[in-house]
Amino acid sequence: MQTAPQSRRDGGITALVEGFFAASWFGWGQADPPAWLTPWLTVGSIAALLVAAVGAVVGFTSPASTAAINNRAAGRRYGIIVGVEFALAGLGAALLGVLGLPAYIPVWICAVVGVHFLPLTAVLRDRNLIALGVLLTATAVAALIAGLATAVAPSTVTGVGAGLFLSVFGAVALVGALRQPRPRPQPA
């Protein structure tokens, strides 16, 4: 678990990934939102892409040797967790499509994404992923309830919730990265 602040590399890459996927969720939220929400989803997408862009610059200009998954064992664990996540998300989405329930695909994917952050916490040495995982999973539950009990599209709830939480956590990671000292070039 993270006992010291993340490296600039990890914070930047975290901001890149979370910002990119936040923008994607805000985009998915535009599948069937109320008209008043559309401009806010667009603003959220733009802000999330800015977090991702700055995160990319910070992350990729920092030494790879400082990354949490710089060793083979951590990289392997990361790959397995993400592979299982993609497999479960895809299989569940396909099953919901076959069953004629495509409106609930974003609910399933949001839940899988939320749960996948829990084992990633140790691999990436980032305790913030626990809170993010819990919040995304709660978003999926809220979207399921909204979809079953109201006329609100589940994609609207997951789009707003997942987009917002990923943006905030990405921005927090970015601020943490920017607070880290810049690595000095090593003499050749």
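Please refer to the structure placed before this passage.
Residues numbered from 1 in each chain as written. Predicted model: local features only at pLDDT ≥ 70, side-chain atom pairs only at ≥ 80, totals over all residues. Heavy atoms only, no water.

Engineer: What exactly am I supposed to notice about a nonpolar patch on the surface here?
Structural biologist: The grouping of Val17, Phe20, Phe21 and Leu49 at the surface amounts to a nonpolar patch, some 350 Å² of accessible area in total. The element best represented in the nonpolar patch is helix H1 (residues 8–28), accounting for three residues. Note on placement: Val17 falls in helix H1. According to the relative accessible area criterion, Val17 is partly exposed, its value standing at 36%. (Patch = residues over 30% accessible without salt bridge, like charges linked within 9 Å, V, L, I, M, F, W, Y side chains within 5 Å. Areas by Shrake-Rupley, 256 points an atom, 1.4 Å probe, with all protein chains shown as cover. Salt bridge = Lys/Arg side-chain N within 4 Å of Asp/Glu carboxyl O. Helix = DSSP H or I, 4+ residues; strand = E, 2+ residues; numbered from the N terminus. Buried < 20%, exposed > 50% of the residue type's maximum accessible area, 1.4 Å probe, protein only.)

Engineer: Before we go on, may I ask you to explain unusual backbone geometry in this structure?
Structural biologist: It is generally the case that most residues other than glycine have a negative phi and that most peptide bonds are trans. With a phi angle near 55°, Arg125 is a residue other than glycine that sits in the positive phi range. With respect to the element layout, Arg125 can be found in the loop between helix H4 (105–124) and helix H5 (128–149).

Engineer: Looking at this model, I keep getting lost on H5. Mind explaining?
Structural biologist: Given 3.6 residues per helical turn, the α-helix brings residues three or four places apart onto the same face. Relative to the 32 Å expected for 22 residues at 1.5 Å per residue, H5 spans 32 Å between its end C-alpha atoms, a close match to the ideal helical length. For H5, every residue scored as buried is listed here: Leu129, Leu132, Gly133, Leu136, Thr139, Ala140, Ala143, Ala146 and Gly147. Viewed along the axis of H5, the buried residues span an arc of 150°, placing them on a single side of the element. Along H5, the residues that are exposed and aim more than 90 degrees away from the buried face are Ile145, Leu148 and Ala149. (Expected span 1.5 Å × (residues − 1). Arc of directions from axis to C-beta.)

Engineer: Teacher, can you tell me more about the nonpolar core here?
Structural biologist: Where a protein is soluble and globular, its nonpolar side chains tend to be buried together. Counting residues in each nonpolar core, the largest one holds 29 residues, and the members touching the most others are Trp25, Ile109, Cys110, Phe117, Leu132, Leu136 and Leu166. Elements represented by at least two residues in this core include exactly H1, helix H2 (38–60), helix H3 (72–98), H4, H5 and helix H6 (154–179). By residue number, the principal contributor to this core is H4, which donates nine residues. Those residues in contact with Leu166 that sit more than four places away from it in its chain are Glu18, Phe21, Ala22, Trp25, Phe117, Leu132 and Leu136. Grouped together as the second largest cluster of nonpolar side chains are five residues, Ala15, Val51, Val58 and Leu174 included. (Core = buried A, V, L, I, M, F, W, Y, C linked by side-chain atoms within 4.5 Å. Contact = heavy atoms within 4.5 Å.)

Engineer: Can you walk me through H2 in this structure?
Structural biologist: Taking 1.5 Å per residue as the helical rise, H2 with its 23 residues ought to reach 33 Å, and the 33 Å between its terminal C-alpha atoms agrees with that figure. Along H2, the positions that sit buried rather than exposed are Leu41, Gly44, Ser45, Ala48, Val51, Ala52, Gly55, Ala56, Val58 and Gly59. Taken together, the buried residues of H2 touch H1 and H6.

Engineer: How do you make sense of the packing of H4 against H5 when you look at a structure like this?
Structural biologist: A packed helix pair is summarised by two numbers, namely the angle formed by the two axes and the spacing between the axes. Running from N to C, H4 and H5 cross one another at 170°; their axes reach a closest spacing of 8 Å. Relative to H5, the element H4 is oriented roughly antiparallel. Across the interface between the two elements, Val107, Cys110, Ala111, Val113, Gly114, Val115, Phe117, Leu118, Leu120, Thr121 and Leu124 of H4 pack against Leu129, Ile130, Leu132, Gly133, Leu136, Thr137, Thr139, Ala140, Ala143 and Leu144 of H5. For the contact of H4 with H5, the residue count by class is 16 nonpolar, five polar and no charged. (Axes fitted to C-alpha atoms, helices over the stretch in contact; angles between N-to-C directions. Parallel < 35°, antiparallel > 145°, perpendicular 65-115°, else oblique. Nonpolar A, V, L, I, M, F, W, Y, C, P; charged D, E, K, R; others polar.)

Engineer: Just checking my understanding: could you explain the packing of H3 against H4 for this structure?
Structural biologist: Remark: H3 packs on H4, axes separated minimally by 9 Å, with the N-to-C direction vectors making an angle of 170°. Here H3 lies roughly antiparallel to H4, going by the angle between them. In this structure, H3 uses Ala74, Arg77, Tyr78, Ile81, Glu85, Leu88, Ala89, Gly92, Ala93, Leu96 and Gly97 to contact H4, whose residues at the interface are Ile105, Trp108, Ile109, Val112, Val113, His116, Pro119, Leu120, Ala122, Val123 and Leu124. Its residues assigned to classes, the contact of H3 with H4 shows 17 nonpolar, three polar and two charged.

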